[in-house]
Amino acid sequence: MELRDLQSAATSHRGDRVFTRTVAGAAFTSLLVLAGIAIFLGLQAVPAFQTQGWAFLTTTGWDINTTPPTVGIFGMLYGSVLLAVIGLVIAIPASLLLAIFMVFLSPPRLAKVLTNLIDLMAAIPSVILGLWAFYILNPTAEEWQVLLNKYLGWIPIFENTSGNFLGTPFIAGFVLAIMMIPIITAVTREVLSRTPPDLINASEALGCSLWTMLRYVALPYGRGGIVGGVMLGLGRALGETIAVFFVLKIVFETNWDKIIESGGGSVATLIVSRFGEVSGPLELQLLLAAGFFLFVMTLIVNVIANLIVSRTGRLQK
Amino acid sequence: MSTAEFEDVMDLDIQGVEASTVHPAGPTEMESRDLSVWFGQRKVLEGVNIAFPKNTVTALIGPSGCGKSTFIRTLNRLHELIPGAALAGSVLYEGKDIYDAAVDPVHIRLQIGMVFQKPNPFPSMTIRGNVLSGLKLSGMKRDNHDEIVEETLTAAGLWNEVKDRLGNAAGDLSGGQQQRLVIARALAVQPHVLLMDEPCSALDPASTLKIEETIRGLAKEVTIIIVTHNMQQAVRVSDYTAFFLAEEGTPGHVVEQGATTEIFGNPQEQRTLDYVNGRFG
């Protein structure tokens, strides 16, 4: 018996075929752009990597005057992650609480106003935020950090030996948090507001408090979406350049854990700080190589994030 | 018209299910007294007086929009969670007013369980997790979780179908199974009263029959109040029936109530007769 062809595009409606191809084309375009960036950066990175070897990734420093230049971006890669982590530690709880308030507690009209305000927050250009952080946040946060150091200084991350509390990773992370909060809040609010009313009913009928309803029903239901929102925020934080550049005192050292000690760095700020006064084609290639590894790191973070999302789908016993 | 004649006229299919017999009216478990209910400015129920004898099944019938669902939501204090909800009169549970200022609504909701129209197991939990979720959510302590799971799933008529896959997701079950799981979940906190808001309206006939058997079985230990649009179901499962009606522009009220055989076989009100015979609604 001969099987009839039911699946091929040839049997489908013509309009659908055109539409399918258009959409697929658009989808592939974004892949092409991604691949294009990766290839361009990768090609640029090869010569730089050849002169530096693995030291490029494992050491920290930027001396262009030796031959060959002795440069290494380890501290900067680490700094990118550190700033992002500080940002997340501040942004995640703030965003979750904000979203929970808007969805479950606030009067609907206030929730609407808040939603608009938070969306506006996302629209602030990062250069404006950077200026604000430089003039207002930097001196204000100096005092917070003095307090942190005074009362929590026995925890290694809150040590400060220099007495200089300006231009610290903490402040830069705080700026990143301000940039991440609107994104994470918007996604979380959306996800939580879609908690099926049936499930809320069920938990109310079982004598749930708001806290247990959130803990066992709404948050598990929205887990995937919330993690997705956090990842969007993280993506922004890892690549954020100008706002961090304004507030962070860039040093080519690896400040392992001193988050309220002046000085730090990130790959993006390294590139922007050197690019304007680049000494020649070799240094330019080195900067592009740094960009390549930032790109790779962002991809790795995204892959890890996807793994987390798929793993959190586990059932509660 | 006697019950038998009535069944002939209605051509009721009650095979496989014992026609319910009226339990002797024991002590009253729950009762509403002169209960009126509002949503904002709109009055949706007026002067409802119904007593629910212990360990019986009472069916609440009536056309859509007559306030039956609203009424049962006042019985476990879920009504008040809707913004703008208001109420006058009282609801007595074991002789005490559940709207008394000293009463903890969470405590009331644990004693008076509820099953909703659409099966609503928690999708992020396993079958076992769902049964025990009431304990977890309310912070109630009970030992022997394995026993509770077996006992309640057996009572809900689901044990044999799921005993080998308690760790599976609740979402994998069919609609009828999910509804029985939800009943088991409600039973695990040992309620004295079970409210059911059209529990079979989203289910196929076979599942409906199973749920009805479950309801009859449970009535030995729990007082059940069930909202249904299915007249035959009311006849099959209930001992008592209350007929609600909201006539044009007026709030819903109880037109007639009494033993199910009476309401269906020998109603005193023309409107009841018309409704149970399917002439409107």
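About the cut-offs
Residues numbered from 1 in each chain as written. Chains lettered and ligands numbered in written order. Predicted model: local features only at pLDDT ≥ 70, side-chain atom pairs only at ≥ 80, totals over all residues. Heavy atoms only, no water. Helix = DSSP H or I, 4+ residues; strand = E, 2+ residues; numbered from the N terminus. Rg over C-alpha atoms; globule rule 2.2 N^0.38 Å. Buried < 20%, exposed > 50% of the residue type's maximum accessible area, 1.4 Å probe, protein only. Areas by Shrake-Rupley, 256 points an atom, 1.4 Å probe, with all protein chains shown as cover. Pairing = 2+ DSSP bridges. Axes fitted to C-alpha atoms, helices over the stretch in contact; angles between N-to-C directions. Contact = heavy atoms within 4.5 Å. Lys, Arg positive; Asp, Glu negative; His and termini not counted. Salt bridge = Lys/Arg side-chain N within 4 Å of Asp/Glu carboxyl O. Polar contact = N/O pair within 3.5 Å; in protein donor to acceptor, adjacent residues only side chain to side chain. Parallel < 35°, antiparallel > 145°, perpendicular 65-115°, else oblique. Left-handed = near helix turned anticlockwise from the far one by under 90°. Buried area = accessible area lost by both parts, 1.4 Å probe.

Student: Account for the overall build of chain B, naming residues and giving values.
Tutor: Counting its secondary structure elements, chain B contains 11 helices and 10 strands. Relative to the globule expectation of 19 Å for 281 residues, the C-alpha radius of gyration of chain B, 19 Å, shows essentially globular dimensions. Projected onto its principal axes, the C-alpha coordinates of chain B cover approximately 55 × 45 × 30 Å. Burial statistics for chain B: of 281 residues in total, 54% are counted as buried. Split by element, the accessible area of chain B, about 11800 Å² in all, is 48% carbon and sulfur.

Student: Got a sec to walk through the sheet that holds strand S8 (residues 223-227) of chain B? Specific residues and values, please.
Tutor: Strand-to-strand pairing in sheets goes through backbone hydrogen bonds, with the strands running parallel or antiparallel. Residue and element names in this part refer to chain B. Read across the open sheet, the six strands follow the order S6-S7-S8-S3-S9-S10; overall the sheet is mixed. This sheet does not close on itself; its edge strands, each paired only once, are strand S6 (112-115) and strand S10 (253-259). On average, each strand axis in the sheet is tilted by 15° relative to the strand beside it, whichever way the strands run. Across five bridges, strand S7 (residues 193-197) lies against S8 in parallel orientation. Considered in S8, the bridge of Leu195 is made with Ile225. Docked against the sheet, helix H7 (residues 175-187) engages S6 and S7, running at close to 170° with respect to S6.

Student: Give a detailed account of the sheet that holds strand S1 (residues 28-39) of chain B, specifying residues and quantitative values.
Tutor: All names here are of chain B. Read from one edge to the other, the open sheet built from four strands follows the order S2-S1-S4-S5, with strand pairing classed as antiparallel. Looking at which strands have only one partner, the edges of the open sheet turn out to be strand S2 (42-53) and strand S5 (96-97). Pairing between S1 and S2: eight bridges, direction antiparallel. Following the sheet pairing, Glu31 is matched in S2 by Ala51.

Student: Quick rundown of the side chain of Asp197 of chain B? Include the residues and the values.
Tutor: Residues and elements named next belong to chain B. Topologically, Asp197 is positioned in strand S7. Although Asp197 lies buried, it forms no salt bridge, and the closest oppositely charged side chain, Arg73, sits 5.9 Å away as judged by the N-O distance. Here the side chain of Asp197 touches Ser69 through a polar contact of 3.0 Å, side chain to side chain. The residues touching Asp197, leaving out its near neighbours within four places in the chain, are Ser69, Ile72, Met114, Val115, Phe116, Gln117 and Val227.

Student: Requested: an account of the side chain of Asn76 of chain B, with residues and values cited.
Tutor: Mapping Asn76 of chain B onto the fold places it in the loop between helix H2 (68-75) and strand S4 (85-93). If we skip the residues at most four places from it in the chain, Asn76 of chain B touches Ala205 of chain A together with Ile108, Arg109, Ile112, Met114 and Leu195 of chain B.

Student: Which residues make up the packing of helix H5 (residues 126-152) of chain A against helix H6 (residues 169-193) of chain A, and what values go with them?
Tutor: Residues and elements named next belong to chain A. In the contact formed by H5 and H6, the axes pass within 9 Å of each other and the chain directions differ by 130°. Between H5 and H6, the angle falls in the class oblique. Both H5 and H6 take part in a crossing whose hand is right-handed. Residues Ser126, Leu129, Trp132, Ala133, Leu137, Asn138, Ala141, Trp144, Gln145 and Leu148 of H5 pack against Phe170, Ile171, Phe174, Val175, Ile178 and Met179 of H6.

Student: Explain the interface of chain B and chain A to me, and be specific about the residues and the numbers.
Tutor: Across the boundary between the two partners, chain B contributes 27 residues, which contact 19 residues of chain A. Counting the surface lost from both chain B and chain A, the interface buries some 2000 Å², and carbon and sulfur atoms represent 65% of this. Looking only at chain B, the three residues that lose the most surface to chain A are Ser124, Lys136 and Leu137 of chain B, adding up to 30% of its buried area. Across the chain B-chain A interface, the total number found is one salt bridge. A salt bridge links Asp198 of chain A to Lys118 of chain B, with the nearest nitrogen and oxygen atoms 3.1 Å apart.

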